[in-house]
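Listed below are the residues making up each chain.
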Amino acid sequence: MEVTLCILGSPSTFLSVLLEGGVQSPGECAPKFPHPLLQKRQPCPAQTTSQNTRGPWQPPAFHWTSCRARIGVGFRKQLPPTTQGPGLEVESMGAGSLSWPATLPALPTGNMLLCLSPAWLTKVPAPEQPGEATLLVSKAVSFHPGGLTFLDDFVPPRSVTYFLAGLGLGPGRGWEAAELARDLTCPTGASAELARLLEERLLTRQLLARQGGVAVPATLAFTYKPPALLQGGDASPGLRLVELSGKEGQETLVTDEVRAFLHSEALGDALQVAIKLSSWRWRGRQVLRLHPRAEVGTVVDTVLALLEKLEEEESVLVEAVCPPARLPFPGSPQPGPELALRICAVVCRTQGDRPLLSKVVCAVGRGDHPLRHQSSLPRTLEVALAQCGLGEAAQVAVVLRDVKVAAEAALAAVLALEASLTVEQRGGRQAYTDFLGVDFALTVAGGALTPVALELNRGLCLEACGTLEGLWAAPRSGPVSEEAAVAAPLVETMLRRSARCLMEGKQLLVVGGGGFSKKFVWEAARDYGLKLHLVESDPNHFASQLVQTFIHFDVTEHRRDEDNARLLAELVRARGLQLDGCFSYWDDCLVLTALLCQELGLPCSPPAAMRLAKQKSHTQLHLLCRQGPPWPSPSLHAVPCCPLESEADVERAVHQVPLPGIMKLEFGAGAVGVRLVEDAPQCHEHFSRIARDLQGEADHPGIGLGWGNAMLLMEFIEGTEHDVDLVLFGGRLLAAFVSDNGPTRLPGFTETAACMPTGLAPEQEAQLVQAAFRCCLGCGLLDGVFNVELKLTRAGPRLIEINPRMGGFYLRDWILELYGVDLLLAAAMVACGLRPALPAHPRARGHLVGVMCLVSQHLQVLNSTASQEALQALHDRGLLRFNPFMSSEEALVPSEYEEPYCSVACAGSSLAEARLRLLGLCQGLGIDGPHYPVAHFLSHFK
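Residues numbered from 1 in each chain as written. Predicted model: local features only at pLDDT ≥ 70, side-chain atom pairs only at ≥ 80, totals over all residues. Heavy atoms only, no water.

Enquirer: Mind showing me how you'd approach the state of the cysteines here?
Expert: Two cysteines form a disulfide when their sulfur atoms are joined by a covalent bond. On inspection of all chains with the given rule, the structure shows 0 disulfides. Left unpaired, cysteine 906 is separated from the closest cysteine sulfur, that of cysteine 922, by 7.1 Å. Judged by relative accessible area, which is 2%, cysteine 906 ranks as buried. (Disulfide = S-S within 2.5 Å. Buried < 20%, exposed > 50% of the residue type's maximum accessible area, 1.4 Å probe, protein only.)

Structural data, given as structure tokens:
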């Protein structure tokens, strides 16, 4: 099954989403099929659309007009799997001949689909989810990078993993879309039920004022038998709700209420009021009625006339028309009427159900006429404010900040409401609002410029932002905007929810439960709906009660991994486990997991590749021999080293490896036992110490001593240290995340500090990513999530080691926080043979800078100002990001071979801001000190 993001609606409304989806989820390359018509002297085939085609044929430019597809810039032709010769020639095409390869190049199938008719979609009952249906797409326009589009038929139909429809709330095609979106097994970004709630202007205003603290126009509402969701009482001083017992005989009540409202201070400087009906039933069917505030009788008569049209749960609203802000124009005032500003903000739901402002566009028009969508060209906030007389950057930043706060609060209030609704009220178990448009009027309240929320919508604001992006996309001179697309956060959410859809209910075997630092695995599995089965040596492991099946099995004897893999496979079959995948995130169990996958026929990188990556000296020596092609070869990044198993090996190594060098455990983890050695005596001394102190797993659990305590000596490389976390599928690089590490406390190499995203120049970042990718491929690691440690030298990246599992410590949490990408879920998808649903170009939403705490350096503060309870409380308040690696019950005992106790990080909109926050926090908590100079550890992050 593959990711299928499907939109049913107007191309103009969703164009920004379709284009961004084509870039962020281009799909996989399909098999190559030779075309039977591409034989000698065969004409260009006529235009047609394929059924489930996977190989596009594009005619030459000179014959393009007659063969062009009606939609987009390409077409697909069914390509039967026939065999042709090594080279084919096409002639009789009117302008000479052209040589063609026998096998056509494959293009991605495309995951972003646009359906132009409800007839292209079908709902079929889902047996595993009674009352729900699977949505299938049989025909669609697929979108690809660069705006390339194809009209595709799918045989068999593709299962939709995310559905977004332009909903109409009355009869017609919109109603068909609403019926298709109801009660689906796949995630949906909207439903008719949720759309109706957004159309209830009285409900949304009360919601924004009460829960979001958002400014709304002063409003008087007469409601007839209000809905249960409409809370009684006044939400704010300017929002009054009057419940009517009937629609007739209300003249006295209406007159008194209208008079009091029009004379109240809540209207401020408003000179006009608007009178309208509030209900989804009246969407687009009523004329806006404007009256002077002073004409009480006219307003009363209009309200009474509209009361006759009310049905149950509907309202008549009398609302203040926000006067345009009178901005001081520099120099002489501009001639002509006063200008008004309407601000349109699109806000999206992101990781953790957090709202994020995506884009702001504005409309500028006459102040004496209401501004509507599509009645004015969209423009940026900066340009619109400058046209109205406000051009200073600091003032623009204040307005943007206020709009951001209000828009994100609006979506947060809507999401909170949806969380309280039943499945029926939402229109399905998977129906949630993933994006929202908020229209603001900019007015003056309390002597300050204030964005006032007029209404909530979906498609109109999205279309306005897309139109503005279209202006920037048009050919022109000058620099190209690097600003993220309005739909970028929405597409990331679509992919994230698709991944959940694909993985819900998957059966996975986990080999090795890990320690306290991996507790997040079990929490995440429950959240994703994964069904985990655990193989673990410890019969009392805390996760034994959190899984579907617990298999107690000794996995610590790695010399018997092949035999253990066969025994485990027999146990799995004997228990009747129907597994979709098998994976591990625990260093000691990676080779065993690969062998077990081989026995069970489950996807995984080859055991030989896992062994190669697991033994550090073998990794380097193997890559040193990989000198290409292709170029640049992995050998450019490998570092000379020697394996050490005896004192004689040490003596030989000091004459082969330039000193100073680094000595480390062959199978180690967490930088335990890693040390800088400057001469032969230091090499012998450190080898003897490790041989004495770290002999087996019991001496230091979890660092790989179950594999033995052999060591290696490698050349010391000068440069800055970096982690690259990769997601590979089928040997293709799907995602890479680069972080920077601070200087260590030599002669040890325990990590001290880190920042993400990297502060390196884009070219250097690309060098690191390609080096990590080529080293993984060079070792045969083709499928999985891998952590590669490198140093960036003046001569380029050099490899420290490859960890053939997702990055440890804080890395999974940081990547999830900054990019919305969960490496754990990506690893689980690869283990199930599914391509991870990741954005092709993820963007970081801020910066994180963190520092490690060590028991040997921070014992006193870890028991006082920086206790786990204190740090967790600061984390919960959003003041820092806290990642503990040991439980509070574990004894705080300093050790020569210690690992970090926890990570403490601060976020910021820039690297400098995050760095300064962290430095101040560490000084206040006592983490910074003469023997642990945090400022020095952060010195690389500039």
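Moving on from the model shown.
Enquirer: Where do I start with the environment of glutamate 20 in this structure?
Expert: Residue placement: glutamate 20 occurs in helix H1 (residues 11-24). For glutamate 20, the residues in contact, after removing those within four places along its chain, are Ala485, Ala487, Ala488 and Val491. (Helix = DSSP H or I, 4+ residues; strand = E, 2+ residues; numbered from the N terminus. Contact = heavy atoms within 4.5 Å.)

Enquirer: Explanation requested: the nonpolar core in the structure shown.
Expert: Grouped burial of nonpolar side chains is what soluble globular proteins tend to show. In terms of nonpolar packing, the biggest core is built from 137 residues, with Leu121, Phe163 and Val904 touching the most fellow members. If you tally residues by element for this core, the top one is helix H22 (residues 823-831), at 9 residues. Ignoring any residue separated from it by four or fewer positions in sequence, one finds leucine 121 in contact with Cys6, Leu8, Cys115, Leu135, Leu136, Val137, Val160, Phe163 and Leu180. Among the nonpolar cores identified, the runner-up in size contains 50 residues, and Leu592, Leu726, Val738 and Leu768 belong to it. (Core = buried A, V, L, I, M, F, W, Y, C linked by side-chain atoms within 4.5 Å.)

Enquirer: Got a minute to help me understand helix H23 (residues 855-862) in this structure?
Expert: Given 3.6 residues to a turn, an α-helix orients residues that are three or four positions apart in the same direction. If you check which residues of H23 are buried, you get Val855, His858, Val861 and Leu862. Buried residues of H23, viewed axially, fall in a sector of 125°; they line one side. Looking at the buried positions of H23, the neighbouring elements they touch are strand E31 (847-853) and helix H25 (911-925). (Arc of directions from axis to C-beta.)

Enquirer: Mind showing me how you'd approach the side chain of serine 635 here?
Expert: Assignment of secondary structure puts serine 635 in the loop between helix H17 (616-624) and strand E22 (641-644). The class for serine 635 is buried, based on a relative accessible area of 16%. Engagement of the side chain of serine 635 in a polar contact is seen with the side chain of serine 633, the distance being 2.8 Å. Setting aside residues up to four positions removed in sequence, serine 635 forms contacts with Leu623, Leu624, Arg626 and Gln627. (Polar contact = N/O pair within 3.5 Å; in protein donor to acceptor, adjacent residues only side chain to side chain.)

Enquirer: Quick question: what am I supposed to make of the packing of helix H14 (residues 561-574) against helix H15 (residues 590-600) here?
Expert: Helix packing geometry: the angle between the two helix axes and the distance between the axes. It is at 8 Å that the axes of H14 and H15 come closest, and there the two elements cross at 50°. By the angle between their axes, H14 is oblique relative to H15. Every pair of crossing elements has a handedness; the one defined by H14 and H15 is right-handed. Contacts between H14 and H15 pair Asp561, Glu562, Asn564, Ala565, Arg566, Leu568, Ala569, Val572 and Arg573 from the former with Val591, Leu592, Leu595, Leu596, Glu599 and Leu600 from the latter. Of the residues in the contact of H14 with H15, the class split is 9 nonpolar, 1 polar and 5 charged. (Axes fitted to C-alpha atoms, helices over the stretch in contact; angles between N-to-C directions. Parallel < 35°, antiparallel > 145°, perpendicular 65-115°, else oblique. Left-handed = near helix turned anticlockwise from the far one by under 90°. Nonpolar A, V, L, I, M, F, W, Y, C, P; charged D, E, K, R; others polar.)

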